[in-house]
Amino acid sequence: MTSLQKASDIVAALRDRDGIDVGFSAIHLASGQCLEINASSLFPTASVFKVPVMVEVFRQARAGIFAMSDRLTLATCHKTLTSGVLVTLDDGLRPTIGDLVMLMTIVSDNTATKLLLDLVGMDKVNAATAGYGLHDIHVAIDVHEMFLHAWGLPLDRTIGVAELRATARAKPMDYASLTFSRERDNTVASAADMARLMAMIAAGEVVDAEACGSMVAIMKEQQYSERVPRYLPFGSVANKTGTMRGVRNDSGIMRRGEGDDIAYTVFTFDPTPLAAGNSRFLAERNSHVAGRMAELGFELWENLGK
């Protein structure tokens with residue numbers, strides 16, 4: 001078995017044995033060695049789209065539009081499910097923009113994301129990724145809208161957190177909804193372009209080198225490390241996960257040593273029906289995919305670029 005055959009076999013097992021669609025790309029920056037499987041297909045990003053949002057926040061801060069130390073005021077209209085802490089906190093809190101970027105990234109705080117996306121503008125995020133030649137990264141709806149579409153809730157009136165929670169208990173997300181679309185009317189990306197974005201951040205080629213260093217430092221504080229980084233040395237991975245019912249993604253940078261970086265993205269979609277209220281089955285599917293991602297991460301660490 002060749003050094004990277006096992007990594008390919010892990011992806012193949014997810015796809016062929018487990019029935020899970022996978023898009024995968026990994027790049028060893030120094031050597032240029034690349035391993036890709038279905039890397040150009042578009043997938044729903046879930047929260048991985050917060051990385052290009054972070055890039056645009058840093059770009060606008062560097063342009064002097066605002067400072068990372070500026071403060072935004074939390075209000076009920078910003079609050080949405082599910083991940084993060086701001087949804088549980090009182091209105092009137094005034095975190096800095098830098099605090100919000102940290103929360104958006106390391107605990108995937110959706111309320112922080114809404115505050116930041118309202119600040120920088122979705123169109124500016126898309127213009128930035130296109131400017132870097134990353135035409136397969138496209139942000140069309142935010143996380144709150146993902147929930148509305150997934151549960152068939154109206155977009156023409158305010159839907160608060162209480163109604164979202166009640167709906168989540170009552171019915172499963174609809175895989176036929178816009179939230180799970182593979183087209184540009186949804187927030188989607190290819191594994192190839194998302195891995196390229198991570199490679200550019202690792203190489204200091206996005207915004208400027210100092211901003212890239214700050215972005216890597218933020219992603220290294222990631223609290224969700226049960227996927228690709230699970231079996232890797234502590235502090236060696238800077239990453240962002242994304243999760244929606246049936247969608248389990250991970251994108252980041254492995255840093256084996258000075259000048260020895262691997263940029264990677266794993267996008268997955270599990271079409272298995274997941275009924276509302278069946279928490280055990282959902283947890284088991286999540287655990288299975290996370291375990292496969294962890295094995296994949298270990299194989300990349302051991303073999304890519306060597």
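Look above for the structure.
Rules behind the numbers
Residues numbered from 1 in each chain as written. Predicted model: local features only at pLDDT ≥ 70, side-chain atom pairs only at ≥ 80, totals over all residues. Heavy atoms only, no water. Helix = DSSP H or I, 4+ residues; strand = E, 2+ residues; numbered from the N terminus. Contact = heavy atoms within 4.5 Å. Phe/Tyr/Trp six-rings, centres within 6.5 Å; stacked < 30°, edge-to-face > 60°. Buried < 20%, exposed > 50% of the residue type's maximum accessible area, 1.4 Å probe, protein only. Disulfide = S-S within 2.5 Å. Pairing = 2+ DSSP bridges. Axes fitted to C-alpha atoms, helices over the stretch in contact; angles between N-to-C directions. Salt bridge = Lys/Arg side-chain N within 4 Å of Asp/Glu carboxyl O.

J.: It is not clear to me how the side chain of Asp193 should be interpreted in this structure. Could you clarify?
T.: Turning to its location among the elements, Asp193 is positioned in helix H8 (residues 191-202). In this view, Asp193 contacts Gly133, Leu134, His135, Asp136 and Ile137; residues no more than four positions away in its chain are not counted.

J.: How should the packing of aromatic side chains be read in this particular structure?
T.: In this description, an aromatic ring pair is defined by two values, namely the gap between the centres and the angle between the planes. If you walk through the whole model with that rule in mind, you get five aromatic pairs. Here Phe43 and Phe267 contribute two aromatic rings whose centre-to-centre distance is 6.1 Å and whose plane-to-plane angle is 35°, an arrangement assigned as tilted. Taken together, the residues span a long stretch of sequence, with Phe43 in strand S3 (residues 42-44) and Phe267 in strand S8 (residues 260-269) at a distance of 224 residues. Take Phe43 and Phe267: they sit in the same class, and that class is buried.

J.: Explain the environment of Ala162 here, please?
T.: Looking at the secondary structure, you find Ala162 in helix H7 (residues 161-170). Overall, the relative accessible area of 61% leaves Ala162 in the exposed class. Spatially, the C-alpha atom of Ala162 lies 41 Å from that of Ala12, the residues being 150 residues apart in sequence.

J.: Can you walk me through the state of the cysteines in this structure?
T.: Each disulfide is one covalent bond, formed between the sulfur atoms of two cysteines. Tallying each qualifying case throughout the model produces zero disulfides. Cysteine Cys212 shares no disulfide, and the gap to the nearest cysteine sulfur, in Cys34, comes to 20 Å.

J.: Can you walk me through the sheet that holds strand S1 (residues 21-28) in this structure?
T.: Strand order across the open sheet formed by five strands is S2-S1-S8-S7-S6, with antiparallel pairing between neighbours. What marks the edges here is a single partner per strand, and that holds for strand S2 (34-37) and strand S6 (237-244). Adjacent strand axes in the sheet meet at a mean angle of 5°, parallel and antiparallel pairs treated alike. Pairing of strand S7 (residues 247-257) with S8, which is carried by eight bridges, proceeds in the antiparallel orientation. Its bridge partner lying in S8, Arg255 is registered against Asp261.

J.: Is there a simple way to think about the sheet that holds strand S5 (residues 188-190) in this case?
T.: Two pairing modes exist for strands in a sheet, parallel and antiparallel, and in both the strands are linked by backbone hydrogen bonds. The strand order across the open sheet formed by three strands is S3-S5-S4, and the pairing between neighbours is antiparallel. Here the strands that pair on one side only, and so sit at the sheet edges, are S3 and strand S4 (137-138). Bridging between S3 and S5 involves three bridges; their strand directions are antiparallel. Bridge pairing in S5 links Phe43 to Ala189. Running over the sheet, H8 touches S4 and S5 and is turned about 80° from S5.

J.: What should I look at first to understand the pattern of salt bridges in this one?
T.: When their charged atoms lie close together, side chains carrying opposite charge are able to pair. By the definition in use, this model includes 21 salt bridges. A salt bridge links Arg196 to Asp193; its shortest N-O distance comes to 3.2 Å. Of the two residues, Arg196 and Asp193 are both situated in helix H8; the distance of three residues between them amounts to about one turn of the helix. Arg196 gets classed as partly exposed once you look at its relative accessible area, which sits at 34%. The salt bridge partner of Glu226 is Arg227, with a shortest N-O separation of 3.7 Å. With a relative accessible area of 6%, Arg227 lands in the buried category. What emerges from the salt-bridge pattern is a single network uniting Arg17, Asp18, Arg292 and Glu295.

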